[in-house]
Amino acid sequence: MTSPDRLLPSVPRRAARALAAVGAAALLLTGCGGGSDSGSDATKNESKSDGGGTRTVKDATGTAVKVPANPKRIVTLTQEDLDAVLALGIKPVGITNGQGLNKPPAYLGDKVKGINVVGNLLQPVMDKVLAAKPDLILAGDMQDQQVLKQLREITPATLVTMAPADDWKLSFRGVANAVNGLDKANKVIADYEARAKKAGEELGENKGAEVSIVRWNPDGPSWMEKKQFASGVALDMGLKRPKSQDKDGNAHTPALSLEKINEIDGDWLFLSTLTSDGEKALKDVQEKPAYKDLNAVKKNHAVTVNGSVWSTRGGPLASLVVVDDITKALKK
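Residues numbered from 1 in each chain as written. Predicted model: local features only at pLDDT ≥ 70, side-chain atom pairs only at ≥ 80, totals over all residues. Heavy atoms only, no water.

Peer 1: When you look at the overall build of the protein chain in this model, what are you seeing that I'm missing?
Peer 2: Looking only at helices and strands, the protein chain has twelve helices and 14 strands in total. Residue burial in the protein chain is summarised as follows: out of 332 residues, 52% are buried. In the protein chain, once contacts between residues fewer than 6 apart in sequence are set aside, the share between residues at least 24 apart is 65%. Carbon and sulfur atoms form 51% of the exposed surface of the protein chain, whose accessible area is close to 15,100 Å². (Helix = DSSP H or I, 4+ residues; strand = E, 2+ residues; numbered from the N terminus. Buried < 20%, exposed > 50% of the residue type's maximum accessible area, 1.4 Å probe, protein only. Contact = heavy atoms within 4.5 Å. Areas by Shrake-Rupley, 256 points an atom, 1.4 Å probe, with all protein chains shown as cover.)

In structure tokens:
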């Protein structure tokens, strides 16, 4: 089963990137692939409808899946899929707890009130999924084939919605296509991008600042690569990454030793944790000279943020939380 630590693929990096390219291409086809043989009409939705009220779409693995033309009872197995359907104005009938949490993500607040929880992140309880009577299951980046088989026995309309290196916009469009809402998704993304750009332009002296984005693990800090979710939001705001972190990819580094802690420095430092052990490790290191000597810390520019938002693969609603967090910290 996919680990809750989902920022690092579970296969070697080169192989993961190759797999990611295939998955991303599949979702691009699903979201906005060509509907003609020539492939020239790239704006057409590559989904086919039959006469029985279903459509055929491709999931993130490239698998063709029949889904209801207008699904009514959706179960989401990841925080990102939940975020996506809520952003499209759809209330699912079953959800899982958030990443690193034993409850739904707090940032989604009242939007998830009253929705049945069917398990933890990518760990569905089959009886609870069955009781939800789904006509569509969004299975995130589920890799456990046995679990997928069980889910497809509940409903064949079970989609893997994320490949290892897909960014949130690509996954969001794939989810939107599965629920027949691609046009709305494109508007949601356009609105977000306009908001992020505007917020970045209003940061005054911090416009274009270098921001370090770090998750603190029990064994030390890891900085996020540029295509990781929160990093991408910062770039959409016109912000930069420190030179040591100016690296493409959507993963995070291995945990750094105290001797390499300078790699997490920047004009601003955003810190998150996902576990109580990580939180304790962060508190412990904050008393050490090496941490106190960071320029961001000296300037009082170290900001603690919600790891269940910042350290995930993200979605349209989470992206707005990151924009607001950055704006609150940097705007003078």
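Now that the structure is up, let's keep going.
Peer 1: Even after reading the chapter, I still don't get the side chain of Arg 313, so can you show me in this structure?
Peer 2: Summarising the element assignment, Arg 313 is placed in the loop between α11 (307–310) and α12 (316–330). Using a relative accessible area of 8% as the deciding quantity, one classes Arg 313 as buried. A polar side-chain atom of Arg 313 sits 3.1 Å from a polar atom in the side chain of Asp 141. (Polar contact = N/O pair within 3.5 Å; in protein donor to acceptor, adjacent residues only side chain to side chain.)

Peer 1: What should I look at first to understand the packing of aromatic side chains in this one?
Peer 2: Both the distance between ring centres and the angle between the ring planes are used here to describe each pair of aromatic rings. Under the defined criterion, the tally for this structure stands at four aromatic pairs. Pairing Trp 168 with Phe 172 gives two aromatic rings, centres 6.4 Å apart and planes at 35 degrees, and the pair type is tilted. Pair noted here: Trp 168 and Phe 172 are both in helix α5 (residues 168–178), with a separation of four residues, about one helical turn. With a relative accessible area of 7%, Trp 168 lands in the buried category. Residue class for Phe 172 comes out buried when judged on its relative accessible area of 1%. When the centroid spacing of 5.2 Å and the interplanar angle of 75 degrees are considered together, the rings of Trp 168 and Tyr 192 count as edge-to-face. With Trp 168 in helix α5 and Tyr 192 in helix α6 (residues 182–201), this pair connects stretches of sequence that are 24 residues apart. Side by side, Trp 168 and Tyr 192 carry an identical accessibility label, which is buried. (Phe/Tyr/Trp six-rings, centres within 6.5 Å; stacked < 30°, edge-to-face > 60°.)

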